[in-house]
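Okay, here's what each chain looks like letter by letter:
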Amino acid sequence: MPSRNLGTTRWAIVTGASSGLGQSFARSLARRGHSLVLVARSWAPMRELATTLTTAHPGIAIHVEPMDLSRPGAAPALMDALDAAGIAPAVLINNAGRGLSGPLLDQSASDLRDMIELNIVSLMELSQLAGRAMRQRGEGHILQVASMAALGPTPGLAVYGASKAFVRSFGEALHAELAPVVTVTTLMPGLMDTGFGAAAGGYEAPGWARATVISPDAAAEIGLEALFARKSSVVSGRLNRLMALLSPLSSRAGQARMLARQMRA
Ligand SMILES: NC(=O)c1ccc[n+]([C@@H]2O[C@H](COP(=O)([O-])OP(=O)(O)OC[C@H]3O[C@@H](n4cnc5c(N)ncnc54)[C@H](OP(=O)(O)O)[C@@H]3O)[C@@H](O)[C@H]2O)c1
């Protein structure tokens, strides 16, 4: 079924647009005719993507906003900058996120705090600020990127998994709270080959999980289709959907013990 095209003048913010899934979201939204605000810390890959996309889709505009979203105050600063540029977002893709792998007791407290600022605080603040603007305009779409790690405890990625459980619960609550004016959809991607593992400190998924890997392009498409179909949440990939269905059948303590054993192996 063709996706609903929201029109050529609609602005979409994509956070984490310098690599991986964020670039896939940007390419797909550009194909659908959206003008884009690209946000991440790395300017060069976003500039390069902007050039490629404006050449391929001359009808869209692209605004590149280099920004560290783990910095307190980043979300209001971003929305103020967009306001000053006359950009009112119709779509927000809350995709920027990072992991931190390893045992909690060996992790840096400031890295953990930065991850929580990025994965939770800036996502929550952007949802609130963009959500208010969307409510005023009478329409809007927000996609929250959680993870399969939101389904249960994740030893070895304990704080990351907990941050994604926040995103899932928050996104599903907002779906009911803001409907029907603003649509909020939560995407739970499984494993993808992106910069995530390296940024998480060399995270490597257990061998069996490699069978569930899907491309970031496919995951982005699944997320956007669900968003424009006004779904509450979606899991990307058939095997991941099966795992999500089966997950409540085993105890959370058992799942945690299994992942902890794999972490130590
Ligand atoms: N890959 C997976 O297996 C997987 C699975 C489930 C969920 N996810 C989720 O998918 C989302 C996208 O991750 P990915 O797989 O595409 O990984 P990625 O390739 O590492 O991309 C992460 C993006 O977030 C941006 N980012 C990181 N720290 C930032 C900061 N402080 N301020 C602003 N932007 C920041 C990065 O840009 P800069 O470094 O330039 O700032 C990059 O554009 C994340 O939320 C992740 O948790 C990934």
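In case you missed it, the structure is sitting above this.
About the criteria used
Residues numbered from 1 in each chain as written. Predicted model: local features only at pLDDT ≥ 70, side-chain atom pairs only at ≥ 80, totals over all residues. Heavy atoms only, no water. Pairing = 2+ DSSP bridges. Helix = DSSP H or I, 4+ residues; strand = E, 2+ residues; numbered from the N terminus. Axes fitted to C-alpha atoms, helices over the stretch in contact; angles between N-to-C directions. Salt bridge = Lys/Arg side-chain N within 4 Å of Asp/Glu carboxyl O. Buried < 20%, exposed > 50% of the residue type's maximum accessible area, 1.4 Å probe, protein only.

Engineer: Tell me about the sheet that holds strand β2 (residues 35-40), and please be specific about residues and values.
Structural biologist: Strand order in the open sheet formed by 7 strands is β3-β2-β1-β4-β5-β6-β7, with parallel pairing between adjacent strands. Of all the strands in the sheet, just β3 (62-66) and β7 (233-235) have a single pairing partner and so form its edges. With strand direction ignored, the average angle separating the axes of adjacent strands in the sheet is 15°. Note: strand β4 (residues 89-94) against strand β5 (residues 140-145), 4 bridges, orientation parallel. Within the sheet, the bridge partner assigned to Leu92 lies in β5 and is Ile142.

Engineer: Describe the pattern of salt bridges, listing the residues and the values that go with them.
Structural biologist: Scanning the model with the defined rule gives 7 salt bridges in all. With a closest N to O distance of 3.1 Å, Glu139 and Arg10 form a salt bridge. Residue Glu139 is located in the loop between α4 (109-137) and β5, and its partner Arg10 is located in the segment before β1 (11-15); the two are separated by 129 residues in the primary sequence. In this structure, Arg31 and Glu221 form a salt bridge, with 3.4 Å as the shortest nitrogen-oxygen distance. In this pair, Arg31 is assigned in helix α1 (residues 20-31) and Glu221 in helix α7 (residues 216-228), connecting sequence segments 190 residues apart. Classification of Glu221 as partly exposed rests on a relative accessible area of 25%. Each of the salt bridges in this network shares a partner with another, and the network as a whole consists of Arg31, Arg32, Glu221 and Glu225.

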